[in-house]
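Structural description and commentary
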Amino acid sequence: MKKTHALVVGNWKLNPITLKEASDLAAGVARKNKKITDAYVAVAPPFPYLSEVGKKISKTPTSLAAQDVYHKNMGAHTGEVSVLQLKDLGVEFVIIGHSERRAMGENDEDVAQKVAMVLKHKLTPIVCIGESKRDDKGDFFNFVQKQIRSLAKTLKPAQMKRVVLAYEPIWAIGTGKTATAEDVKEMQLFIESVLTKIYDRATARNVRLLYGGSVKPHNATELHQDGGMNGFLVGGASLKAEDFTAIINATI
Ligand code: PGA
């Protein structure tokens, strides 16, 4: 993936509630973006819709993403989904460690195990990081640094280069409170400096960074142009093909 092109991923979360709606949404995204060449696009539907959505976007530039994965491949693990199963359905990206999953108990160790499994099978992990609140002393920077360090502990530079890091401040997710472009830019520079300290400059520059948290058509242009990241992870606004496409176009 060329870093000069943004990656825009739609995280549908637990939506929509019928296969028909999921199929229509995927068809809409595929249709509106069938000629896209200057951005990478992916949609992450709930597991039960992956197969159908995969069919709707096949032979189009839109890629398939999953919202989570288990760290083992097969066996007695009721309720889990493995990377091999995702790969078989044509999934290319896997969101890992979303704050909504971390809130359910997923920890940094779980995230690291999942990332290792996804990388092993040559899919691209999109690892979510971000603080729950901001404070005047800047402790949120330490929090983000801790999350990156814990991920980096198990990854060699060549592996880290294949990771997409999505900075999603929890206070901005689904709240309509977006981080300002200035906040995003500051965080981009901070994450790169942390990666440079842990690895080196070349590795840091290779890691693709996304911003997520109330990205909408009206704020996407500014966030993209001044925020310095390489794309977006979009929740609510990815549920309307038109809004999602407007966000994609804002990065071109
Ligand atoms: P939001 O969600 O765009 O609805 O804030 C983003 C996310 O959680 O990935």
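Because the structure is a prediction, the values reported are computed rather than measured.

What the rule picks out here adds up to 9 salt bridges. With its nearest N and O atoms 2.7 Å apart, the salt bridge here joins Arg-102 to Asp-108. Taking the shortest distance from any N to any O, the salt bridge between Asp-183 and Arg-134 comes out at 3.5 Å. A residue pair is termed long-range when its members are at least 10 positions apart, and Asp-183 in helix α8 (residues 181-198) and Arg-134 in the loop between β5 (124-129) and α6 (139-152) qualify at 49 residues. The structure contains a network of salt bridges with shared partners spanning Asp-68, Arg-101, Glu-106 and Lys-114.

Before going further, it helps to examine the layout of surface pockets. Approximately 400 Å³ is the volume found for the largest pocket. Along the wall of the largest pocket there are 17 residues; nearest its centre are Lys-13, Gln-67, Asp-68, Arg-101 and Met-104. Residue composition of the lining of the largest pocket, grouped by class: 8 nonpolar, 4 polar and 5 charged. Its volume calculated, the second largest pocket comes out at about 160 Å³.

Moving on, we come to the side chain of Thr-62. With respect to the secondary-structure elements, Thr-62 resides in strand β3 (residues 62-66). Aside from chain neighbours lying at most four places away, what touches Thr-62 is Val-29, Ala-30, Asn-33, Val-41, Ala-42, Val-43 and Ile-57.

In this structure, the amide linkage connecting Asn-15 to the following residue, Pro-16, adopts the cis form with an omega of -10 degrees. Relative to the assigned elements, Pro-16 resides in the loop between β1 (6-11) and α1 (19-32). Positioned with a positive phi, Lys-59 is a non-glycine residue whose angle comes to about 65 degrees. Checked against the element boundaries, Lys-59 lands in the loop between α2 (50-57) and β3. Given the relative accessible area of 86%, Lys-59 is considered exposed. Although it is not a glycine, Ser-214 adopts a positive phi angle of roughly 55 degrees. Summarising the element assignment, Ser-214 is placed in the loop between β7 (208-212) and α10 (217-227). Taking relative accessible area as the criterion, Ser-214 reaches 9% and is therefore assigned buried.

Let's shift gears to the nonpolar core. Of all hydrophobic cores here, the largest spans 70 residues; its most connected members are Leu-165, Ile-191 and Tyr-211. No other element matches the 7 residues that α8 contributes to this core. In contact with Tyr-211, other than residues within four places in its own chain, are Tyr-167, Pro-169, Ala-172, Thr-178, Ala-179, Val-184, Leu-223, Met-229, Gly-231, Phe-232 and Leu-233. In terms of nonpolar packing, the next biggest core, distinct from the first, is built from 13 residues, Ala-44, Cys-128, Ala-166 and Leu-210 among them.

With that settled, the discussion passes to the packing of α1 against α2. Relative orientation of the contacting elements α1 and α2 amounts to 25 degrees, with a least axis distance of 8 Å. With respect to α2, the axis of α1 lies roughly parallel. Note that α1 runs across α2; the crossing there is right-handed. In this structure, α1 uses Leu-19, Ala-22, Ser-23, Ala-26, Ala-27 and Ala-30 to contact α2, whose residues at the interface are Glu-52, Val-53, Lys-56 and Ile-57.

What counts as what
- Residues numbered from 1 in each chain as written.
- Predicted model: local features only at pLDDT ≥ 70, side-chain atom pairs only at ≥ 80, totals over all residues.
- Heavy atoms only, no water.
- Salt bridge = Lys/Arg side-chain N within 4 Å of Asp/Glu carboxyl O.
- Helix = DSSP H or I, 4+ residues; strand = E, 2+ residues; numbered from the N terminus.
- 1 Å grid on protein atoms, 1.4 Å probe; cavity = no way out; pocket = protein on both sides within 12 Å on 5 of 7 lines; lining within 4 Å.
- Points joined across faces, edges and corners; volume = space filled by probe spheres on them.
- Nonpolar A, V, L, I, M, F, W, Y, C, P; charged D, E, K, R; others polar.
- Contact = heavy atoms within 4.5 Å.
- Buried < 20%, exposed > 50% of the residue type's maximum accessible area, 1.4 Å probe, protein only.
- Core = buried A, V, L, I, M, F, W, Y, C linked by side-chain atoms within 4.5 Å.
- Axes fitted to C-alpha atoms, helices over the stretch in contact; angles between N-to-C directions.
- Parallel < 35°, antiparallel > 145°, perpendicular 65-115°, else oblique.
- Left-handed = near helix turned anticlockwise from the far one by under 90°.

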